[in-house]
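# A look at the structure
What follows is the residue order along each chain.
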Amino acid sequence: MKYQNLKVPSEKVSFKAAVRQGLGSQQGLFFPRKFETIDNINGLLELPTIERNKAILANFISEDLSATEIDNIIRQAFSFPAELKSVDDKSYCLELFHGPTLAFKDFGAKFMAACLKYFSNDKKITILTATSGDTGAAVAHAFFEVPNIEVVILYPKGKISTLQEKMFTTLGNNIRTIAVNGTFDDCQQLVKQSFDDQALVQAIGLNSANSINISRLLAQVCYYFEAIAQLPVERREQAVVSVPSGNFGNLTAGIIATTLGLPIKRFIATTNINDTVPRYLKTGEWLPKETQATLSNAMDVSSPNNWPRIAYMIESGQFAKEQLEGYSIDETRTQESLKELHSAGYLSEPHAAVAFAGLSQSLEEDEIGIFLGTAHPAKFKQSVEEILDINLPLPEALANCIDKEILSIEMEVSFEALRSFLVLE
Ligand SMILES: *Cc1c(COP(=O)(O)O)cnc(C)c1O
């Protein structure tokens, strides 16, 4: 399968090139031109996870990889489950946080790292990525001590939780981290500018591990199938999925799953007060506002990177706009939602609580709701403890890094400063 640059349609590359380059020219996103539906979805849903994921992904990645390589990659990447937990009589949480850094981004990061091991050709690659919290940890852990790969992670200083920060800034070795005096959108912009600088791209073998990298999204397509496979058979046609959204990678993956034939009745794009997409869906106008800090900080994004991919699937007639609703959930409602979940006997965290609030507002009588649990509650220990008035023990992955020293350097929002840093090292 070829991947087309959504801004420059004549630019068509292989999976390997799309993964290695990250972005195409003019900062265009790589994306398949057309998705083919998979035959016998019911049969697919009966398969064990690894076999199912191979069947889903083979078509997308087989051009550059042998069957054995694909098998290795999928076994490495999908080494932990996506568990569907019943919350009340009509909703489930799809728990995506059972990987090494306790957030769904482990799926994409591990898959991308596994692919790049085959694609690096023994040349040095520099992974430059911006994080609003959880990408940093997932990418740092997936690429830690991988030969030939240098990782540089930018994050907005003071805008992510201390636990999140400790998970990726304390590793050292091939992982370097920069605390930027700005917002996540500023960090994202610096990454984009770096990709525009061809001399820089060539000099350091620049690549990105953000959800602009198509490999991350493809890995995420698989757990939507895993979710539906875990539903009782008689409920499979009634599923509505609410996705807590920031950069809209997760929702893009879900929509791809439906274009492949997975029965999902509709999607709810739920954001916090950074509501560019829900407003756009209502008014048709794309008007990002200044990003505001919220309890669900991994979704504090007002110019979501992946939206052009969703827009493309709609424009090309592969996904019906009517199957997508948008909700924006404010901070008060987020807290109420977290408390509602807790009284139903389900301990959650702010991102999933946003998704659950969107779902509750939208779900109809005969429907089954699934909201995505994107992070482990302990990753947001402080706010969860305060809102619910409880004590949360730290899981091992977090307890291990809490006393370690933060190794980041600080930087202003300056491309020149970033460039010198990257070139000099
Ligand atoms: C990254 C992240 C999100 C947002 O996902 P997108 O794919 O960027 O929309 C939601 N919740 C958590 C916990 C995250 O880390």
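Described below are features of the structure shown in this document.

So, about the site of the ligand. Surrounding the ligand, one finds 15 residues, the nearest of these being Lys105, Asp134, Gly246, Asn247 and Phe248. At 2.5 Å, a side-chain N or O of Lys105 approaches an oxygen atom of the ligand. Between Thr374 and the ligand, the recorded distance is 2.9 Å, taken from a side-chain N or O atom to a nitrogen atom. Here the ligand occupies the largest cavity. Tallied by class, the residues present in the shell around the ligand amount to six nonpolar, seven polar and two charged.

Next up on the list: empty space enclosed by the protein. Taken as a whole and judged by the stated rule, the model has four cavities of 30 Å³ or more. By volume, the largest cavity amounts to about 280 Å³. Those elements that place two or more of their residues in the lining of the largest cavity are helix H6 (134–143), helix H10 (214–230) and helix H11 (249–259). Residues belonging to the lining of the largest cavity are distributed by class as follows: ten nonpolar, twelve polar and three charged.

To continue, consider the side chain of Arg216. The topology assignment puts Arg216 in helix H10. No salt bridge is formed by the buried Arg216. Its closest oppositely charged neighbour is Asp134, at 9.4 Å. Once you skip the residues sitting within four places of it in the chain, Arg216 turns out to touch Lys105, Gly108, Ala109, Met112, Thr135, Ala209, Asn210 and Ser211.

Here we come to the layout of surface pockets. Volume-wise, the largest pocket comes out at about 390 Å³. Taken together, 20 residues line the largest pocket, and the ones lying closest to its centre are Gln21, Gln198, Val201, Gln202 and Leu206. Among the elements of the structure, helix H1 (15–21), helix H8 (184–196), helix H9 (198–204) and strand S9 (206–207) are those that each provide at least two residues to the lining of the largest pocket. Split into classes, the residues belonging to the lining of the largest pocket amount to six nonpolar, nine polar and five charged.

Moving on, we come to the pattern of salt bridges. Applying the stated criterion to the full structure yields 19 salt bridges. Across the pair Lys85 and Glu83 runs a salt bridge, and its minimum N-O distance is 3.3 Å. Taking relative accessible area as the criterion, Glu83 reaches 27% and is therefore assigned partly exposed. For Arg266, the salt bridge is made with Glu325, and the minimal N-O distance between the two is 2.4 Å. One end of the pair, Arg266, is in strand S11 (residues 266–271); the other, Glu325, is in strand S12 (residues 324–328), with 59 residues separating them in the sequence. Arg266 sits in the buried class, given a relative accessible area of 11%. Within the structure, one salt-bridge network assembled from shared partners comprises Glu51, Lys54, Asp71 and Arg75.

Right, let's get into the side chain of Asn213. By secondary structure assignment, the location of Asn213 is in the loop between S9 and H10. Within the structure, Asn213 has its side chain in polar contact with the backbone oxygen of Ser208 (distance 3.2 Å). A polar side-chain atom of Asn213 sits 2.7 Å from a polar atom in the side chain of Ser215. What Asn213 contacts, discounting residues up to four positions off in sequence, is Ala18, Val19, Gly22, Met112, Asn207 and Ser208.

It is worth spelling out the packing of aromatic side chains at this point. All chains considered together, the criterion is met by 18 aromatic pairs. Judged by centre distance (6.1 Å) and plane angle (25°), the ring pair of Trp286 and Trp307 falls under stacked. Residue Trp286 is found in the loop between helix H12 (276–283) and helix H13 (307–315), and its partner Trp307 is found in helix H13; the two are separated by 21 residues along the sequence. Residue classification places Trp307 among the buried positions, given a relative accessible area of 6%. Three or more aromatic residues link up through ring pairs in this structure, and these residues are Phe78, Phe80, Phe107, Phe111, Tyr223, Tyr224, Phe267 and Phe319.

The rules behind each value
Residues numbered from 1 in each chain as written. Predicted model: local features only at pLDDT ≥ 70, side-chain atom pairs only at ≥ 80, totals over all residues. Heavy atoms only, no water. Near = heavy atom within 4 Å. Polar contact = N/O pair within 3.5 Å; in protein donor to acceptor, adjacent residues only side chain to side chain. 1 Å grid on protein atoms, 1.4 Å probe; cavity = no way out; pocket = protein on both sides within 12 Å on 5 of 7 lines; lining within 4 Å. Sits in = over half its atoms within 2 Å of the grid points. Nonpolar A, V, L, I, M, F, W, Y, C, P; charged D, E, K, R; others polar. Points joined across faces, edges and corners; volume = space filled by probe spheres on them. Helix = DSSP H or I, 4+ residues; strand = E, 2+ residues; numbered from the N terminus. Buried < 20%, exposed > 50% of the residue type's maximum accessible area, 1.4 Å probe, protein only. Lys, Arg positive; Asp, Glu negative; His and termini not counted. Salt bridge = Lys/Arg side-chain N within 4 Å of Asp/Glu carboxyl O. Contact = heavy atoms within 4.5 Å. Phe/Tyr/Trp six-rings, centres within 6.5 Å; stacked < 30°, edge-to-face > 60°.

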